[in-house]
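This is what each chain is made of:
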Amino acid sequence: MKPKIEIFSSKDDLSRQFGNVLMNLADKKETVNIALSGGNTPKAIFDYLSEHLKDSILWEKLRFYWVDERCVSPTHPDSNYGMTVKHLLSKVPVRENQVFRIEAEKDPAEAAQEYAELLKNNLPRKNNLPYLDLTILGMGDDGHTASIFPQEMYLWNSHNLCEVATHPQTGQKRVTFTGGIINNSAQVLFLVTGISKAVMVHEVLNETGGYLGYPASLVNRKKSVWFMDKDAARQVG
Ligand code: 6PG
């Protein structure tokens with residue numbers, strides 16, 4: 001089966017609808033627990049939210065976690081937390097106690113273990129796992145999601161909530177959610193834009209080609225919604 005797909009004519013339209021998702025969640029719940037992904041796609045989306053929806057979203061209800069983090073300092077240009085602060089959290093009314101970053105500047109294995117404990121101590125539980133209201137995912141043009149790469153598919157099924165992953169090209173260590181907590185989320189929202197993702201989107205959503213070897217294919221399709229621009233969705237059909 002295909003997950004729910006929404007195709008937008010512009011990144012602004014996609015960002016506006018993402019903002020509506022946050023608004024709807026905040027209208028319905030006192031506390032909304034959201035796990036964010038990093039990379040480049042969220043930057044423009046976060047910029048849109050902070051520029052156009054700063055006064056529309058009930059920011060005080062949102063609590064921010066991260067799906068993954070590069071093993072660098074929070075001020076390093078590669079930091080997903082640092083990127084989120086720069087493009088969003090420094091521009092909207094979110095207090096420090098609403099933000100739960102991965103301390104990935106520590107020893108990677110220690111950071112993964114500590115974040116797993118943080119998730120257990122701060123999130124409600126469902127199916128005996130920490131329960132997020134919304135998990136935001138991206139997808140690499142190699143089919144990775146979170147920081148689980150095709151070369152390390154086995155990490156998806158780890159019994160640990162978080163694992164240490166290795167970027168296949170750079171060797172950079174990362175702390176990442178594993179499949180259990182991702183698929184335990186109430187909803188998973190993929191944000192995928194750009195022509196470079198079109199082939200992978202086609203293979204994953206149409207369950208064709210090498211899709212069985214892509215971590216993005218392992219995300220529960222019943223809970224997933226894909227927000228894409230026309231370029232990324234070019235071959236969806
Ligand atoms: C990260 C992300 C990663 C990202 C994809 C897509 O830490 O890089 O969590 O999973 O979502 O690599 O990244 P782009 O949006 O930059 O294409």
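Heads up: the structure comes first, above all this text.
All of the points below concern the structure found in this document. (Residues numbered from 1 in each chain as written. Predicted model: local features only at pLDDT ≥ 70, side-chain atom pairs only at ≥ 80, totals over all residues. Heavy atoms only, no water.)

Focus on the overall build of the chain
Threshold: Every helix listed is a DSSP run of H or I at least four residues long, and every strand listed is a run of E at least two residues long, numbered separately from the N terminus. With the radius of gyration taken over C-alpha atoms, the globule rule is written as 2.2 Å times the number of residues to the power 0.38. Throughout, a residue-residue contact means that at least one pair of heavy atoms, one from each residue, lies within 4.5 Å. To be clear on the numbers: accessible area is Shrake-Rupley with a 1.4 Å probe, and residue cover counts the displayed protein chains and nothing else. Just so you know, the count uses Lys and Arg for positive and Asp and Glu for negative, and it drops His and the chain ends. By convention, charge coordinates are those of NZ in Lys, CZ in Arg, CG in Asp, or CD in Glu.
The helix and strand tally for the chain stands at 6 helices and 11 strands. Against the compact-globule benchmark of 18 Å for 237 residues, the chain has a radius of gyration of 16 Å, which places it among compact chains. Seen through its C-alpha atoms, the chain measures out along the principal axes to roughly 45 × 40 × 35 Å. For the chain, contacts bridging at least 24 residues in sequence account for 76% of all contacts bridging at least 6. Summed over its atoms, the accessible surface of the chain is roughly 10400 Å², and 48% of this surface lies on carbon and sulfur atoms. For the chain, the centre of its 27 positive side-chain charges and the centre of its 28 negative side-chain charges are spaced 4 Å apart.

Comments concerning unusual backbone geometry
Phi is positive for Ala146, close to 50°, though the residue is something other than glycine. Examined against the element boundaries, Ala146 turns out to sit in the loop between strand 7 (134-137) and strand 8 (162-166).

Describing the pairing of strand 7
The cut-off we apply is this: A 1.4 Å probe rolled over the protein chains alone gives each residue an accessible area, and that area as a share of the maximum for its type sets the label: buried under 20%, exposed over 50%, partly exposed in between. The rule for pairing is simple: two strands pair if DSSP sees at least two bridges between them.
Here strand 7 shows no split at all, with Leu134 and Ile136 on one side and Thr135 and Leu137 on the other all buried. Pairing of strand 2 (residues 32-36) with strand 7 involves 2 bridges; the strand directions are parallel. Paired with Ile34 across the two strands is Leu134, which belongs to strand 7. Pairing between strand 7 and strand 10 (residues 188-192): 3 bridges, direction parallel. Paired with Thr135 across the strands is Val188, a residue of strand 10.

A few points about the site of the ligand
Condition: A single heavy atom is enough: if one lies within 4 Å of a molecule or strand, its residue is considered near that molecule or strand. Throughout this description, a polar contact denotes any pair of N or O atoms lying within 3.5 Å of each other; where both atoms belong to protein, one of them has to be capable of donating a hydrogen while the other can accept it, and for residues adjacent in sequence the pair is counted only when both atoms sit in side chains. Gly counts as polar in this scheme, as do all residues outside two lists: the nonpolar Ala, Val, Leu, Ile, Met, Phe, Trp, Tyr, Cys and Pro, and the charged Asp, Glu, Lys and Arg.
By nearness alone, 15 residues border the ligand, and Asn40, Thr41, His144, Ala146 and Lys197 come closest of all. Between Arg70 and the ligand, the recorded distance is 2.7 Å, taken from a side-chain N or O atom to an oxygen atom. Contact with the protein chains hides 89% of the accessible area of the ligand, taken as 410 Å² for the molecule alone. Among the residues forming the shell around the ligand, the class breakdown is 2 nonpolar, 9 polar and 4 charged.

Looking at the environment of Gly140
By secondary structure assignment, the location of Gly140 is in the loop between strand 7 and strand 8. We classify Gly140 as buried; its relative accessible area is 10%. Residues Gly140 and Lys197 lie 57 residues apart in sequence; the distance between their C-alpha atoms is 7.1 Å. The contacts of Gly140, once residues within four sequence positions are left out, are Lys197 and Met200.

Considerations on the sheet that holds strand 8
Let me state the cut-off plainly: Interaxial angles span 0 to 180 degrees and are taken between N-to-C directions of axes, which are lines fitted to C-alpha atoms, for helices over the stretch in contact.
Taken in spatial order, the 3 strands line up as 4-9-8 in an open sheet, and their pairing is antiparallel. On the outer flanks of this sheet lie strand 4 (68-70) and strand 8, each paired with one strand and no other. The sheet shows a mean angle of 20° between the axes of neighbouring strands, direction not considered. Across 3 bridges, strand 4 lies against strand 9 (residues 173-177) in antiparallel orientation. Looking at the pairing, Arg70 lines up with Arg174 of strand 9. Helix 4 (residues 108-122) rests against strand 8 and strand 9 of the sheet, and its axis sits at about 145° to strand 8.

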